[in-house]
Amino acid sequence: MKRTTIKKRVELSTYCWIISALSTALMCGVFVYALKHLDNEWAVCILGGAIGLLFLFTLCYMPLSISLDNKSLNINRSLKIKSIPLTEIANVKLCAPTMGAKRICGSGGWFGWYGWFSEKDLGKYFAYYGKASDCFLVTLKDGRRYMLGCKNAPEMVEAINDNIKTDL
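Attention in this report is confined to the structure presented alongside it.

Definitions and cut-offs
- Residues numbered from 1 in each chain as written.
- Predicted model: local features only at pLDDT ≥ 70, side-chain atom pairs only at ≥ 80, totals over all residues.
- Heavy atoms only, no water.
- Buried < 20%, exposed > 50% of the residue type's maximum accessible area, 1.4 Å probe, protein only.
- Helix = DSSP H or I, 4+ residues; strand = E, 2+ residues; numbered from the N terminus.
- Pairing = 2+ DSSP bridges.
- Core = buried A, V, L, I, M, F, W, Y, C linked by side-chain atoms within 4.5 Å.
- Patch = residues over 30% accessible without salt bridge, like charges linked within 9 Å, V, L, I, M, F, W, Y side chains within 5 Å.
- Areas by Shrake-Rupley, 256 points an atom, 1.4 Å probe, with all protein chains shown as cover.
- Salt bridge = Lys/Arg side-chain N within 4 Å of Asp/Glu carboxyl O.
- Axes fitted to C-alpha atoms, helices over the stretch in contact; angles between N-to-C directions.
- Parallel < 35°, antiparallel > 145°, perpendicular 65-115°, else oblique.
- Left-handed = near helix turned anticlockwise from the far one by under 90°.
- Contact = heavy atoms within 4.5 Å.
- Nonpolar A, V, L, I, M, F, W, Y, C, P; charged D, E, K, R; others polar.

### Details of the pairing of strand β3 (residues 72-77)
Along any regular strand the residues' side chains alternate between the sheet's two faces.
Reasoning step 1: Judged by how many residues are buried, β3 sits mostly within the fold: six of six residues are covered.
Reasoning step 2: Across the two faces of β3 the burial is the same, with S72, N74 and N76 and L73, I75 and R77 all buried.
Reasoning step 3: In textbook terms, the turn of a hairpin is the stretch between consecutive antiparallel strands, and for strand β2 (residues 63-68) and β3 this stretch comprises three residues.
Reasoning step 4: The sheet contact formed by β3 and strand β4 (residues 81-85) spans five bridges and is antiparallel. If you follow N76 over to β4, its bridge partner there is I81.
Reasoning step 5: The antiparallel pairing of β3 with β4 creates a hairpin that spans three residues between the two strands.

### Some thoughts on the nonpolar core
Reasoning step 1: Counting residues in each nonpolar core, the largest one holds 42 residues, and the members touching the most others are I89 and F136.
Reasoning step 2: Looking at this core, the element that brings in the most residues is helix α3 (residues 153-166), giving six residues.

### Brief notes about a nonpolar patch on the surface
Reasoning step 1: Taken together, L53, L56, F57, L59, Y61 and L79 make up a surface patch of nonpolar side chains, about 550 Å² in accessible area.
Reasoning step 2: Note that L79 resides in the loop between β3 and β4.
Reasoning step 3: With relative accessibility at 53%, the residue L79 sits in the exposed group.

### Here's the deal with the sheet that holds strand β1 (residues 6-9)
Reasoning step 1: Across the sheet, which stays open at both edges, the four strands sit in the order β1-β2-β3-β4 with antiparallel pairing between neighbours. Among the strands making up the open sheet, the edge pair consists of β1 and β4. Direction aside, neighbouring strands of the sheet carry axes that sit 15° apart on average.
Reasoning step 2: The pairing of β2 with β3 spans five bridges and is antiparallel. Directly across from P63, in β3, lies its bridge partner R77.

### Here we look at the packing of helix α1 (residues 14-37) against helix α2 (residues 41-61)
Each pair of packed helices gets described by two things: the angle between the helix axes and the distance between those axes.
Reasoning step 1: It is the contact of α1 with α2, at a shortest axis distance of 10 Å, that shows an interaxial angle of 160°. In this view, α1 runs roughly antiparallel relative to α2, as classed from their interaxial angle. Taken as a pair, α1 and α2 cross one another with a handedness that is left-handed. Taken together, the residues of α2 that come into contact with α1 (itself represented by T24, M27, V30, F31, A34 and L35) are V44, L47, G48, I51, L54 and F55.
Reasoning step 2: Classifying every residue of the contact of α1 with α2 gives 10 nonpolar, two polar and no charged.

### Some words on the sheet that holds strand β7 (residues 112-119)
Reasoning step 1: Spatially, the six strands line up as an open sheet ordered β5-β9-β10-β8-β7-β6, and their pairing is mixed. Of all strands in the sheet, those bounded by a partner on one side alone are β5 (89-94) and β6 (102-109). The average undirected angle you get between the axes of adjacent strands in this sheet is 20°.
Reasoning step 2: For β6 and β7, the ladder comprises seven bridges, and the chain directions are antiparallel. Among the inter-strand pairings, G106 is bridged to a residue of β7, identified as G115.
Reasoning step 3: Contacting β6 and β7, α1 runs over the sheet at an angle of about 85° to β6.

### Observations concerning the environment of L12
Reasoning step 1: Position of L12 among the secondary structure elements: in the loop between β1 and α1.
Reasoning step 2: On the basis of relative accessibility, which here comes to 11%, the residue L12 falls in the buried class.
Reasoning step 3: The spacing of L12 and K131 is 119 residues in sequence and 5.7 Å in space, taken between C-alpha atoms.
Reasoning step 4: Residues contacting L12, with those up to four places away along its chain left out, are W17, M62, F111, G112, G130 and K131.

Note that all results are geometric; they support no functional claim without further evidence.
In structure tokens:
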């Protein structure tokens with residue numbers, strides 16, 4: 001019985017880095033401006049809370065790495081790990097998202113792509129990736145789909161497929 005333990009980092013695209021840096025700088029600039037020029041403390045608190053909430057959601061969902069152990073495929077995030085048991089995985093294949101992917105709810109590049117997306121060919125899926133070129137699609141036995149991405153995605157797909165075949 002072959003088992004593989006592997007962990008691969010999620011790398012952000014240049015687009016993600018630029019969007020993340022510019023958006024963060026803009027939000028910080030607006031907040032500093034509000035602190036100095038607004039007399040309404042409630043407005044400043046609400047603005048700070050909204051910015052803080054955006055960063056909290058980012059910490060909850062931004063993928064840092066993808067790992068595989070004897071029992072599950074794990075999406076490692078800053079504050080939580082999403083685990084998918086190997087016994088629930090029906091299919092894994094290399095598959096980059098298309099330019100026609102529509103974001104339903106989530107991030108379209110701010111510290112990566114994460115959230116619900118929909119494509120004409122693939123249907124609805126939940127995404128956790130940093131570069132479209134590093135992606136693979138995980139389909140569960142109940143029909144749910146995850147678009148995941150990490151460095152050296154072909155090696156990860158092969159390792160997952162090897163592990164789910166041993167469970168049959």
